[in-house]
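# Secondary and tertiary structure notes
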Amino acid sequence: MRYIQLILIAVLSLTLLAWAQDATEPEAQPAAAPAAEVAEATDATDTEEPAAEADAPAEALSAVVVSVEGSAEHAMADVEEPVWEALAAGEELGEQSLIRTGLGATVVLKFADRGDVVIRGATKCGIASFRKTEETEKVTVRMGLKYGYLNAKVDASAGKNDFQVATPVGTLAAKGSQVSVGMSSLGLGVNGQAGIWTM
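Residues numbered from 1 in each chain as written. Predicted model: local features only at pLDDT ≥ 70, side-chain atom pairs only at ≥ 80, totals over all residues. Heavy atoms only, no water.

## Considering the pairing of strand S11 (residues 161-167)
Here S11 lies mainly inside the structure; 7 of its 7 residues are buried. With burial as the criterion, each face of S11 is covered, one bearing Asn161, Phe163, Val165 and Thr167 and the other bearing Asp162, Gln164 and Ala166. The pairing of strand S10 (residues 139-154) with S11 spans 6 bridges and is classified as parallel. Bridge pairing in S11 links Val139 to Asn161. Sheet topology places S11 next to strand S12 (residues 170-174); 5 bridges connect them, and they run antiparallel. Opposite Gln164, over in S12, you have Ala173 as the bridge partner. Linkage of S11 to S12, two consecutive antiparallel strands, is achieved through a turn of 2 residues. (Buried < 20%, exposed > 50% of the residue type's maximum accessible area, 1.4 Å probe, protein only. Helix = DSSP H or I, 4+ residues; strand = E, 2+ residues; numbered from the N terminus. Pairing = 2+ DSSP bridges.)

## Details of the environment of Ala88
Along the chain, Ala88 turns up in the loop between strand S4 (85-86) and strand S5 (92-93). Relative accessible area serves as the criterion here: at 37%, Ala88 is assigned to the partly exposed category. For the pair Ala88 and Val65, spaced 23 residues apart in the sequence, the C-alpha separation amounts to 7.1 Å. With residues near it in sequence (within four places) discarded, Ala88 still touches Val65 and Val68. (Contact = heavy atoms within 4.5 Å.)

Structure, rendered in structure tokens:
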């Protein structure tokens, strides 16, 4: 029991250290790749879409902020120097949106009728893309998790969906399930509560 407590304290300390460094030192973004921060954690090159769906027109959507508890900010990744602003319930976050939360914070995002994402404290993540194909009404979501913890619940009963959460060490894909994902300097932690996730 004592070893588990020590491990949990070490993980929390490292996560807090990473969050504090990120909050105090802005990251340098290469001019040639303004969206690199989201893209580095959302590289979905290992997934292949059927040719018909890949060519079908898709409408860009926005996630709605259902609730915000504690300190949370958002910025756009597709600019040279992101400007962080306070996040509030009711706001809409489009593609290339970055989100970071303070200690003890909780943010709930609604992705149309296909799923909810709960972002916990000391987390930095982003929405790389959120689209709906007109012909098939398939919803595709690509999120990136740089560090911290989030819980994603994907509702397959509302229609086709393709939800992926990418981290620096791997990408999790779901088609109707629920999972918790945590990322720290010690590595990736995954807890699937329902359905099947592939990595």
